[in-house]
Amino acid sequence: MPDPLSLFRLRPQGGAVQRLAVLGGRPIAYRVVRARRRTISITVDGTGVSVRAPQRAAWLEIDAFLVAKQRWILARLDEWAGVPRTAPVHGMSGDALPLFGERVVLEVAAGRPGVRRDGARLMVCTPAPAACHRVVALVVRWYREQALAALAPRTAAYAARLGREATSVSISHAVRQWGRCTAQGAIRYSWRLAHLAPALTDYVVAHEVAHLVELNHSKRFWRIVESLYPDWREARTRLEREGAGLPLLGRAS
């Protein structure tokens, strides 16, 4: 019987070792990150397959874990292959964007710099409407303001349920991380949460607020999340899939 797993090491990227596996007869590229942990875990999302393994875990042990999980890995990859990708946003009239789960369409005109919502339209004024990068910068800045205005009070409300308080709430440009809570109790959210429906943003808020009590992902942490947001499992799955379809706009200053 042929070996179900053939592996070839590629060049490391960003601290991860890139490898190839043949699972179920299909060549699968995946990343391996070594970390201070006791177990091996696998994540499959819109970026592909990632493996987190203990520092001293043998490659044979990692390989065997992949073989054991190959049916699940392939099923998840097939699911992600069917997730639609949003068309790019260029900063021109007619571009469509999600705003708190609703669709808005850009309408760019000449005028004093500013952004405002008018029903299903997002009105963007700029002295140079043909300069798309400036339009995008204005839109991102406006989204950041909307994100902070929505997330700061929700953070305070969830934290109060735990008898805690965040030392600060701010907005970041993070693309791969929805939120982060520091040991000092400062919480930062990605501005891209302003694209998502409030029910999903509330899950992220509950997740980060729970870190004010448990700065880890232990069983106790997830119990705290569940006390704040009982349907967190479904929300986490929705967040993965809907997040993969969000537009990526340029960075604003």
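In the block above lies the structure referred to throughout.
A. Expanded view of the side chain of S172. Looking at where S172 falls in the secondary structure, it is placed in strand β10 (residues 168-172). Judged by its relative accessible area of 10%, S172 falls in the buried class. Side-chain polar atoms of S172 contact the backbone nitrogen of A174, separated by 3.2 Å. Sequence-distant contacts of S172, defined by excluding residues within four places in its chain, comprise R144, R188, Y189, S190 and W191.

B. The arrangement of helix α4 (residues 198-210) in detail. For α4, with 13 residues, the first-to-last C-alpha span of 18 Å sits near the 18 Å given by 1.5 Å per residue. With eleven of 13 residues buried, α4 is to be regarded as a mostly interior element. Looking only at α4, the buried set comprises L200, T201, D202, Y203, V204, V205, A206, H207, E208, V209 and A210. Buried residues along α4 sit in contact with α3 (132-161), β11 (179-181), β12 (186-190), α5 (219-228) and α6 (232-244).

C. Up close: the environment of R37. Structurally, R37 is set in the loop between β3 (26-35) and β4 (41-45). Distance from R37 to G111, taken between C-alpha atoms, is 55 Å for residues 74 residues apart in sequence. Residues contacting R37, with those up to four places away along its chain left out, are R52, A53 and P54.

D. How the structure looks around the sheet that holds β11. If you walk across this open sheet you meet the three strands as β10-β12-β11, and the pairing is mixed. The two strands at the open ends of the sheet, each matched to only one other strand, are β10 and β11. The mean inter-strand angle of the sheet, taken between neighbouring strand axes irrespective of direction, is 15°. Note that β11 and β12 share three bridges and pair antiparallel. When the bridges of β12 are listed, G179 appears paired with Y189. Docked against the sheet, α3 engages β10 and β12, running at close to 150° with respect to β10.

E. Focus on the sheet that holds strand β8 (residues 114-118). Read across the open sheet, the four strands follow the order β6-β7-β9-β8; overall the sheet is mixed. Every interior strand has two partners, whereas the edge strands, β6 (96-99) and β8, have only one. Taken pair by pair, the neighbouring strands of this sheet meet at an average axis angle of 35°, ignoring direction. The sheet contact formed by β8 and strand β9 (residues 121-126) spans five bridges and is antiparallel.

F. Broad picture of the pairing of β6. By the alternation rule, side chains of β6 split into L97 and L99, which are all buried, and A96 and P98, of which none is buried. Examined bridge by bridge, β6 and strand β7 (residues 102-110) share four bridges and lie antiparallel to one another. Looking at the pairing, A96 lines up with V105 of β7. Connecting β6 to the antiparallel partner β7 that follows it, the hairpin turn spans two residues, and F100 within it adopts a positive phi of roughly 50°.

Reading the values: rules and limits
Residues numbered from 1 in each chain as written. Predicted model: local features only at pLDDT ≥ 70, side-chain atom pairs only at ≥ 80, totals over all residues. Heavy atoms only, no water. Helix = DSSP H or I, 4+ residues; strand = E, 2+ residues; numbered from the N terminus. Buried < 20%, exposed > 50% of the residue type's maximum accessible area, 1.4 Å probe, protein only. Polar contact = N/O pair within 3.5 Å; in protein donor to acceptor, adjacent residues only side chain to side chain. Contact = heavy atoms within 4.5 Å. Expected span 1.5 Å × (residues − 1). Pairing = 2+ DSSP bridges. Axes fitted to C-alpha atoms, helices over the stretch in contact; angles between N-to-C directions.

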